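# Breakdown of the fold
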Amino acid sequence: MPKTKDQIVEQIKGKIEGFKPKAVEENVGSVLQVGDGIARVSGLSEAMSSEMIRFETSKGESVYGVILNLEEDEVGAIVLGDSSLIKEGDRVVREDRILEIPVGEDVVGRVLNPMGEPIDGKGKISSKKTSPIEKIAPGVIERASVSSPLQTGIKAIDSMVPIGRGQRELIIGDRQLGKTAIAIDTIINQKGENIKCIYVAIGQKESKIAGIVSKLEDHGAMDYTTVIVAGASDPASTIFIAPYAGCAIAEYFLDKGEDVLIIYDDLSKHAVSYREISLLLRRPPGREAYPGDVFYLHSRLLERACKLNDDYGGGSITALPIIETQAGDVSAYIPTNVISITDGQIYLDGQLFYKGNRPAIDAGNSVSRVGGDAQLKIVKKVAGKMRLEAAQYRELAAFTQFGSDIDQETKEKLDRGERLVEILKQDQYSPLDVSCQVLIFYALINGYLDDVEVKDLKEFEKGLYEFAENNASETLTQIKKKAELDEEMGENIKKVLENYKETRV
C-alpha cells in the first residue's frame, strides 16, 4: 500500500531527530614535489618524525610513506612504493602510527621484503601480530652480561675470537673475501641449537640472495631462518628500512625469551642509502658527504642487540653486522663508526685469502671484547694460546723469510705455526661441531701433529673426526656436556688421539 504524504513527512522527521552527526578529524596535506623516492608535503602541521602517511593517488591507489624531515612549512618523506604514481597536488593523509611489519612464528622459513610482505611465492603470512620497526633499545637494568657461547662452527672464530649470545661482532674486510660465507656458515651451525636466525640482505644482487636461500634450504637451515631482502635495484627508502625490519622480527622472539642471531649484510650499503636519502632531503652533508646523524643510524640499530636478564625473559639477540672496506682502509668514516659501536671485529685479510688461508681471519687485527667470557672452558683451555701463536707466527715468518740462519727454538715455533695455519683452514658450508674442534686443538697444542707432514694434515683431521664418531662417540658427547678439561677428560682425549694414531701406522 503506497504511503501517504503525512506518513512520508513523519518518517523524514524521525530520521532527522535520530540523526547524530559524527565529526572525523583528519590532518590532510598535499604533495608539493615528488621525485627520486622523496616527496615534499605541505599542510601536515601536526605530523611527527617517523610517522606513516598515505598518498591518495589520482589512479585511486594508496602509496605509503614515512616522514623523515620536519621543516617550518612542509615535511619531507620517503616513499615506500612506486613514487611514479604520485603527482603534485595529490592528497596526503596522516596515519597516526609509525611503520609496522608482521611478526610471529609465521615469518620463520620465509623470504620477505622490508615491508614484511612475502616474496617467495609461498602464500600470504597469516600472522595478525605487528611490531614497529623502530624501537628504543633495552636499558642497562634490563640487560645481563654475555655468558653463554654462540658457536659459529668455524675453528678460527670459536678458538680465537669467540662470540657470545647477545654480542655484536663486526665482520669487516674488502669485497669477495668471504664475509657473507662466515655469516651463512654460522646460520647453518645453529641447527638443533634452538636459535632463530634472521639474514638481512641490504642492497645485494638478487641472484646472490637466491643462491644463499638455496644453500640454506640444502642444509635444512631455512626451517629456523627468516630472510629479509632489499635488492640492489630497490629504492634507497626500502634499503634504509630493511635492517630495522629484521630487528623488529628478532625482538618478537627476544620478548618470548628466545635466542636470536641476526646478520646485517651489509651496513656499508645501508649507510650509502641513508646518505642518498639525506642529500635528496637537502640535509647538510658532513664527512664523506654523509649526514651528521649517520652514527646514530647504526648505533640505534645495533644497541637493540642484547642479552636480557632473567627478570625480563633471559632472551638474546646476537648481531653480526658486515662492513665492506675499500683497499683494507678501516679508518674510513663508516668502518670506524661501526667498530666503535660493536663488541669486537673479525677482520678478513686479502693477502691471507689469496694465499689460500680460508677463512682469511687476521688473528692480530681481530678481537672479541666479551666473547671470552662466554667461551666454553674446555675450548679456552685448549685454544687459549692459539691467537697469540697465530699472530707471532705471521711476524716470525715475515722476519725469517730473508734469513737462512734460524735457531732451533724459532724453527720449532715456525713448524708449529705452519700446522696451526693449516688446521685453521676450513671449507665453506662445513661448520664443525665444538667437540671435534676440541680434539684437533688438543692434538695441535700437545704435539700430536708434530710428526705429521703439513700436506697430510687435512687427511689426518678428516680421519680423526670419522674415527672419533665411530669409536669414541661417548667422549665427544662428554666434551659438549661437561665443557671442562679435568684430568679424566684429558685422559679420554689422549686415548682417542693415541688409538687413532695407531690405526695410521
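Residues numbered from 1 in each chain as written. Predicted model: local features only at pLDDT ≥ 70, side-chain atom pairs only at ≥ 80, totals over all residues. Heavy atoms only, no water.

## Quick notes on the sheet that holds strand S11 (residues 195-204)
Ordered in space as S8-S12-S11-S13-S14-S10-S15-S16, the 8 strands form an open sheet in which the pairing is mixed. Where the open sheet ends on each side, the last strands, each with one partner, are strand S8 (111-112) and strand S16 (367-368). Note: S11 against strand S12 (residues 225-231), 7 bridges, orientation parallel. Following the sheet pairing, cysteine 197 is matched in S12 by threonine 225. (Pairing = 2+ DSSP bridges. Helix = DSSP H or I, 4+ residues; strand = E, 2+ residues; numbered from the N terminus.)

## Side note on a negative patch on the surface
There is a patch of like negative charges on the surface, built from Glu487, Glu491, Glu498 and Glu502. With respect to the helices, strands and loops of the structure, glutamate 487 is situated in helix H17 (residues 487-504). (Patch = residues over 30% accessible without salt bridge, like charges linked within 9 Å, V, L, I, M, F, W, Y side chains within 5 Å. Areas by Shrake-Rupley, 256 points an atom, 1.4 Å probe, with all protein chains shown as cover. Salt bridge = Lys/Arg side-chain N within 4 Å of Asp/Glu carboxyl O. Lys, Arg positive; Asp, Glu negative; His and termini not counted. Charge placed at Lys NZ, Arg CZ, Asp CG, Glu CD.)

## A few points about empty space enclosed by the protein
For the coordinates displayed, the defined rule picks out 1 cavity of 30 Å³ or more. Around the largest cavity sit Pro149, Leu150, Gln151, Asp158, Pro162, Ile163, Gly371, Ala374, Gln375, Leu376 and Val379, which together line it. (1 Å grid on protein atoms, 1.4 Å probe; cavity = no way out; pocket = protein on both sides within 12 Å on 5 of 7 lines; lining within 4 Å. Points joined across faces, edges and corners; volume = space filled by probe spheres on them.)

## Description of the environment of serine 159
Within the secondary structure, serine 159 sits in helix H2 (residues 155-160). Taking the relative accessible area as the measure of exposure, serine 159 reaches 6% and is therefore buried. Along the sequence, serine 159 and glycine 372 sit 213 residues apart, while their C-alpha atoms lie 9.4 Å from each other. Setting aside anything within four residues of it in sequence, one finds serine 159 in contact with Gln375, Val379, Ala383, Met386, Leu424 and Phe441. Polar side-chain contacts of serine 159 include one of 2.7 Å to the backbone oxygen of lysine 155. (Buried < 20%, exposed > 50% of the residue type's maximum accessible area, 1.4 Å probe, protein only. Contact = heavy atoms within 4.5 Å. Polar contact = N/O pair within 3.5 Å; in protein donor to acceptor, adjacent residues only side chain to side chain.)

## Some thoughts on the side chain of glutamate 74
Residue placement: glutamate 74 occurs in the loop between strand S4 (62-70) and strand S5 (75-80). By relative accessible area, glutamate 74 is classed as buried at 17%. Within the structure, the side chain of glutamate 74 is placed 2.9 Å from the side chain of arginine 40, a separation counted as a polar contact. Once residues lying within four places of it in the same chain are set aside, the contact partners of glutamate 74 are Leu32, Arg40, Val41 and Ser42.

## A short note on the pairing of S12
With 7 of its 7 residues buried, S12 lies for the most part within the structure. Here S12 shows a buried face lined by Thr225, Val227, Val229 and Gly231 and a second buried face lined by Thr226, Ile228 and Ala230.

## Digging into helix H4 (residues 206-218)
Each α-helix turn comprises 3.6 residues. Residues three or four places apart therefore point the same way. End to end, H4 covers 18 Å across 13 residues, agreeing with the expected 18 Å (1.5 Å per residue, within 8%). Listing the buried residues of H4 in full gives Ile209, Ile212, Val213 and Leu216. For H4, the angular spread of buried residues about the axis comes to 95 degrees, placing them on one side. Exposed positions of H4 whose direction lies more than 90 degrees from the buried face are Ser207 and Asp218. For H4, the elements touching its buried residues are S8, helix H3 (179-188), S11 and S12. One or two positions beyond H4, positive phi appears at glycine 220, with a value near 70 degrees. (Expected span 1.5 Å × (residues − 1). Arc of directions from axis to C-beta.)

## Description of the nonpolar core
Judged by nonpolar contacts, the single largest core of 77 residues is most densely connected at Ile187, Leu216, Val227, Ile346 and Ile493. When residues of this core are assigned to their parent elements, the largest contribution, 9 residues, is made by helix H14 (residues 434-445). Excluding its chain neighbours within four sequence positions, the residues that come into contact with isoleucine 187 are Cys197, Tyr199, Leu216, Ala221, Tyr224, Thr225, Leu261 and Ile263. Grouped together as the second largest cluster of nonpolar side chains are 59 residues, Tyr264, Tyr274, Val294 and Leu302 included. (Core = buried A, V, L, I, M, F, W, Y, C linked by side-chain atoms within 4.5 Å.)

## A look at the packing of aromatic side chains
Going through the model one piece at a time under the given rule, you end up with 7 aromatic pairs. Geometrically, the ring pair formed by tyrosine 252 and phenylalanine 253 is edge-to-face, given 5.1 Å between the ring centres and 80 degrees between the ring planes. In this structure, tyrosine 252 and phenylalanine 253 share a single accessibility class: buried. Pairwise contacts between aromatic rings join Phe240, Tyr244 and Tyr274 into one cluster. In this structure, arginine 300 is placed above the aromatic ring of tyrosine 296, and the distance from its NZ or CZ to the ring centre is 4.9 Å. We note arginine 358 situated over the ring of phenylalanine 353; from NZ or CZ to the ring centre the distance is 4.1 Å. (Phe/Tyr/Trp six-rings, centres within 6.5 Å; stacked < 30°, edge-to-face > 60°. Lys NZ or Arg CZ within 6 Å of the ring centre and 35° of its normal.)

## A short note on the pattern of salt bridges
Under the definition given, this model contains 36 salt bridges. In this structure, glutamate 95 engages arginine 97 in a salt bridge whose closest nitrogen and oxygen atoms are separated by 3.3 Å.

## Structural notes on unusual backbone geometry
In the segment running from aspartate 265 into aspartate 266, the intervening peptide bond is cis, with an omega of -5 degrees. Following the sequence through the fold, aspartate 266 ends up in the loop between strand S13 (259-265) and helix H6 (267-280). The residue after arginine 358, namely proline 359, is reached through a cis peptide bond having omega 0 degrees. Tracing the backbone through its elements, the reader meets proline 359 in the loop between helix H9 (350-354) and S16. In the Ramachandran plot, aspartate 36 falls in the positive-phi region, its phi being about 55 degrees despite a non-glycine side chain. Among the secondary structure elements, aspartate 36 is positioned in the loop between strand S1 (28-35) and strand S2 (38-42). Relative accessible area serves as the criterion here: at 65%, aspartate 36 is assigned to the exposed category.

Everything listed here is a matter of coordinates, which is why it stays silent on function.
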